[in-house]
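Chain residues, written in single-letter form:
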Amino acid sequence: MSHKLDIVFYVAGMPFHGNTLKTKSLGGSETMGLLMARAMAKRGHKVAMFSENDKPDKYDGVNYLPISM
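For the structure given in this document, a descriptive report is provided here. Note on numbering: residues in each chain are counted from 1, in written sequence order. Two thresholds apply to this predicted model, a pLDDT of at least 70 for residue-level local features and 80 or more for giving and counting side-chain atom pairs, whereas whole-chain, interface and lining totals are computed over all residues. Each side-chain value is derived from all of the structure's non-hydrogen atoms; neither hydrogens nor water enter the calculation.

## Focus: the overall build of the protein
Helix numbering and strand numbering both begin at the N terminus, where a helix is a DSSP run of H or I of at least 4 residues and a strand a DSSP run of E of at least 2. The helix and strand tally for the protein stands at one helix and four strands. Secondary structure elements in the protein, listed N-terminal to C-terminal, are β-α-β-β-β. Relative to its length of 69 residues, the protein is compact, with a C-alpha radius of gyration of 11 Å against a globular reference of 11 Å. Overall size of the protein, expressed as C-alpha extent along the three principal axes, is 35 × 25 × 20 Å. For every residue, the accessible area obtained with a 1.4 Å probe (protein chains only) is divided by the maximum for its type, and the residue is called buried under 20%, exposed over 50%, and partly exposed between those limits. The buried share of the protein, taken over its 69 residues, is 35%. The contact criterion used throughout is that any non-hydrogen atoms of two residues lie within 4.5 Å. Counting contacts in the protein only where the partners sit at least 6 residues apart, residues at least 24 apart contribute 47% of the total. Areas reported here follow the Shrake-Rupley algorithm with a probe of radius 1.4 Å; residue values treat only the protein chains shown as occluding. When the accessible area of the protein is evaluated, it comes to approximately 4,500 Å², of which 55% is carbon and sulfur surface. Atoms counted for the radius of gyration: C-alpha only. Globule rule: 2.2 Å times residue count to the power 0.38.

## A closer look at the environment of Ala-12
Mapping Ala-12 onto the fold places it in the loop between β1 (6–11) and α1 (28–42). For Ala-12, a relative accessible area of 47% gives the class partly exposed. With 49 residues separating them along the chain, Ala-12 and Gly-61 place their C-alpha atoms 20 Å apart. The residues touching Ala-12, leaving out its near neighbours within four places in the chain, are Glu-30 and Ile-67.

## Regarding α1
Taking 1.5 Å of rise per residue, the 15 residues of α1 would be expected to cover 21 Å, and the 21 Å separating its terminal C-alpha atoms lies within 8% of that figure. Gly-44 sits one or two residues past α1 and shows a positive phi near 100°. Given the number of residues in a helix, its expected span is that number minus one, multiplied by 1.5 Å.

This is how it looks when you write it as structure tokens:
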């Protein structure tokens, strides 16, 4: 890919981070945001996800950050 993008997602709602789907279900908006962020990171883009979460970290190439940041 010749053009890499900086992509930011802001998904307010249920708390989640990159490993949430391994342990519990999410709402549709949260699930779609998480899956879309993963897909964009897999394509080589730099992706940040702002969500209600208590475990900021990098999962599957996506930086998960608290909305408060």
